[in-house]
Amino acid sequence: MMRCELPYRTDSAALFTRIAARPWAVFLDSGRPASSHGRYDIMAAEPWITLRTRGVQTEIRRAQGAEMSPDDPFSLLRQALYPFAATTGDLPFAGGAIGYFAYDLARRIERLPMLARDAECIPEMAVGIYDWAVVVDHQARRCWLVGQGRDPRTRARWTALQALFGNEMAVPRLVPFRVTSPVTSNFDRAGYAAAFHRVQHYIAEGDCYQVNLAQRFCAAAEGDGWDAYRTLREISPAPFAAYFNTPDARILSASPERFLCVRDGAVETRPIKGTRPRAADPAQDRAHAEALLASPKDRAENLMIVDLLRNDLGKNCATGSVRADQLFRLESFANVHHLVSTVTGTLAAGRDAIDLLRGCFPGGSITGAPKRRAMEIIEELEPHRRGVYCGAIGYIGFDGNMDTSIAIRTAVYSARQVRFWAGGGLVADSEMDREYRETWDKASGMLELMRRCGADDVGR
């Protein structure tokens, strides 16, 4: 492994700005310094292999050219990633796969109806195999450039990469991101109410216990997506945030939720269920948090998803190893309080991180229970496909370790439009007005971004 230490900077955005415009540039952002939840930032660009899945075909592009394959995208990812092996030492990542797995990639796992409109028209999977990365450790206050040297370009560029990240440089000038239309939703209040009552009907009939129902916001926009993300991370710092510059779209994510982590065979997932808004008044804010902790409805909703994820982890974890280690922990972020639980396990012999990802995909916290029926109902009731929203973003290293987020609080910027979503889990005793308000609470960070970037109408 090639490795050199770089000067530490409190704000990693200053480093990533130097590569933000490069092909497939990606920034896995722990939210520091504003967030106290994260530790490591990871950034990379110019992968030497890329995989993009659209429908039943995946394009695998290498220096020698591109090929198309109808094979399972997860299997193709394994074939691209695991001819190589590496150790990372004390770092979480030193080369491997980074990218997104869109919610609609589930169609390659489950047979689902095709009712919702695909207005995104972007790949269901976009993953690069990266030979070098910059890793920032905010706890140790240290920074490294690491590489494997498997891509011949890495050794040729190594000195230039050291200079790029090691020296002080002028910040590249960005075209300011501007929202040029009102923000609209695919659900007005009446439309959301109709969908809500349809979910309640399905629950009463015994089809399901919980369904995650989301509305989609959209606005016209122009300018640089990285400029927009820099503002977003100030508004909503989050421990599993990300910016991803793909050929098809710019992904801006401020996710607070870990999906799946694998570290030396140890597995962890941290589902979020239960939300209250933050308040400017400390006493009111504390009251919101205490109400969330005491809410039987929110605890029951969280427990349903914990049970679903215990089952999902059990598909690829050793028998008897799956445990709900911590239930209903309060975590507070810039705009909302959440209840977070932790479920752990140990990978079974012969299983790897990609098996685990496929077996759990998409995350149960953003579908409902039982998962397949909930997804059928989502497809029926939500007017648009979710795309990247509610999929996963993260890395799988050459060493077999993985860390991924649930892609909530996430915007997709392409074709001069920015789209983002907000939803919540509906159960038998859910109240329509409260659930509708909760979607707006969850969208508050993105709506504030729209305001700051010029939107004059973001009302309900």
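To keep things clear, this report deals only with the structure shown in the data block. (Residues numbered from 1 in each chain as written. Predicted model: local features only at pLDDT ≥ 70, side-chain atom pairs only at ≥ 80, totals over all residues. Heavy atoms only, no water.)

A word on the overall build of the protein. Scanning the protein from N- to C-terminus turns up 11 helices and 25 strands. In summary, the protein has a C-alpha radius of gyration of 21 Å against a globular reference of 23 Å for 460 residues, a match within 12%. Projected onto its principal axes, the C-alpha coordinates of the protein cover approximately 65 × 50 × 40 Å. The proportion of buried residues among the 460 residues of the protein is 61%. (Helix = DSSP H or I, 4+ residues; strand = E, 2+ residues; numbered from the N terminus. Rg over C-alpha atoms; globule rule 2.2 N^0.38 Å. Buried < 20%, exposed > 50% of the residue type's maximum accessible area, 1.4 Å probe, protein only.)

Moving on: the nonpolar core. Most often, soluble globular proteins keep nonpolar side chains buried together rather than apart. With 144 residues, the main nonpolar core has F101, I129, V134, L356 and F420 as its most contacted residues. Not counting the four nearest positions on each side in its chain, L356 is found in contact with L260, V262, V267, L313, N316, C317, L347 and M402. (Core = buried A, V, L, I, M, F, W, Y, C linked by side-chain atoms within 4.5 Å. Contact = heavy atoms within 4.5 Å.)

Counting across every chain of the model gives 24 aromatic pairs. It is R150 that lies over the ring of F398; its NZ or CZ is 5.6 Å from the centre. If you follow R386 out to its NZ or CZ, it ends over the ring of Y103, 4.8 Å from the centre. (Phe/Tyr/Trp six-rings, centres within 6.5 Å; stacked < 30°, edge-to-face > 60°. Lys NZ or Arg CZ within 6 Å of the ring centre and 35° of its normal.)

A word on the side chain of S253. As for its position among the elements, S253 is in strand β15 (residues 250-255). S253 gets classed as buried once you look at its relative accessible area, which sits at 0%. Side chain to side chain, S253 and T410 meet in a polar contact 2.8 Å long. Every residue in contact with S253, bar those within four places of it in the chain, is listed here: Y229, L232, F240, A241, A242, I393, I408, R409 and T410. (Polar contact = N/O pair within 3.5 Å; in protein donor to acceptor, adjacent residues only side chain to side chain.)

Throughout the structure, instances matching the rule amount to 45 salt bridges. With a shortest N-O distance of 2.8 Å, K297 and E435 are connected by a salt bridge. Of this pair, K297 sits in helix α7 (residues 296-314) while E435 sits in helix α10 (residues 432-442), and the two are 138 residues apart along the sequence. With respect to class, K297 is no different from E435; both count as buried. Connected through salt bridges with shared partners, the residues R52, R54, E59, R61 and D248 form a single ionic network. (Salt bridge = Lys/Arg side-chain N within 4 Å of Asp/Glu carboxyl O.)

What follows covers the packing of helix α2 (residues 73-81) against helix α8 (residues 353-360). Two quantities define a packed helix pair, namely the angle between the helix axes and the distance between the axes. Put simply, α2 and α8 touch, their axes get as near as 10 Å, and they point 165° apart. Our classification of the angle between α2 and α8 gives roughly antiparallel. In terms of crossing hand, the pair formed by α2 and α8 is right-handed. Mapping the contact onto sequence places F74, L77, R78 and L81 in α2 and I354, D355, L357 and R358 in α8. Here the residues of the contact of α2 with α8 are counted per class, giving five nonpolar, no polar and three charged. (Axes fitted to C-alpha atoms, helices over the stretch in contact; angles between N-to-C directions. Parallel < 35°, antiparallel > 145°, perpendicular 65-115°, else oblique. Left-handed = near helix turned anticlockwise from the far one by under 90°. Nonpolar A, V, L, I, M, F, W, Y, C, P; charged D, E, K, R; others polar.)

Glancing now at the packing of helix α4 (residues 189-204) against helix α9 (residues 371-381). Contact pair α4 / α9: the axes reach a minimum separation of 11 Å and the direction vectors enclose 150°. On the basis of their axis angle, the class for α4 and α9 is roughly antiparallel. Note that α4 runs across α9; the crossing there is right-handed. Across from A195, R198, V199 and Y202 in α4, the residues of α9 making contact are R373, I377, E380 and L381.

In this section: the pairing of strand β17 (residues 266-269). A regular strand places its side chains on the two faces of the sheet in alternate fashion. Burial of the side chains of β17 is restricted to one face: V267 and T269 are buried, whereas none of A266 and E268 on the reverse face is. As consecutive antiparallel partners, strand β16 (residues 258-263) and β17 are separated by two residues, and within that stretch D264 has a phi angle of approximately 55°, a positive value. Bridge count between β17 and strand β20 (residues 336-346): four bridges; the pairing is antiparallel. Bridging from a neighbouring strand, V267 pairs with G345 of β20. (Pairing = 2+ DSSP bridges.)

What follows is about the environment of A287. For A287, the location among the structural elements is in helix α6 (residues 282-294). Along the primary structure A287 and G99 are separated by 188 residues, whereas in three dimensions their C-alpha atoms are 39 Å apart.

Before going further, it helps to spend a moment on unusual backbone geometry. Cis geometry is found at the peptide bond from F361 to P362, where omega equals -15°. The residue P362 is located in the loop between α8 and β21 (368-369) in this model. Cis geometry is adopted by the peptide bond preceding P370, which originates at A369 and carries an omega value of -10°. Position of P370 among the secondary structure elements: in the loop between β21 and α9. For R416, which is not a glycine, the phi torsion comes out positive at approximately 60°.

Within the structure shown, the criterion is met by zero disulfides. Cysteine C121 is unpaired, with the sulfur of C218 as its nearest cysteine sulfur at 13 Å. (Disulfide = S-S within 2.5 Å.)

This paragraph deals with the side chain of D151. Note on placement: D151 falls in the loop between β10 (142-147) and α3 (152-166). Judged by its relative accessible area of 6%, D151 is buried. A distance of 2.8 Å separates a polar atom in the side chain of D151 from a polar atom in the side chain of R153. Among residues more than four places away in sequence, those in contact with D151 are W48 and D131.

As a further point, take the environment of L293. In this structure, L293 sits in helix α6. A residue is classified by how much of its surface remains accessible, and L293, at 33% relative accessible area, is partly exposed. Note: C-alpha distance between L293 and F84 (209 residues apart in sequence) is 46 Å. Apart from residues no more than four positions distant in its own chain, L293 is found in contact with R299, F328, L330 and L339.

Our next topic: the pairing of strand β23 (residues 402-406). The buried fraction of β23 amounts to five of the five residues, a majority that puts the element mostly inside the structure. Along β23, one buried face is formed by M402, T404 and I406 and the opposite face, lined by D403 and S405, is buried too. The pairing of β16 with β23 spans three bridges and is antiparallel. Pairing of V262 across the sheet is with M402, part of β23. As defined by bridge partners, strand β22 (residues 392-397) adjoins β23 across five bridges and the pair is classed as antiparallel.

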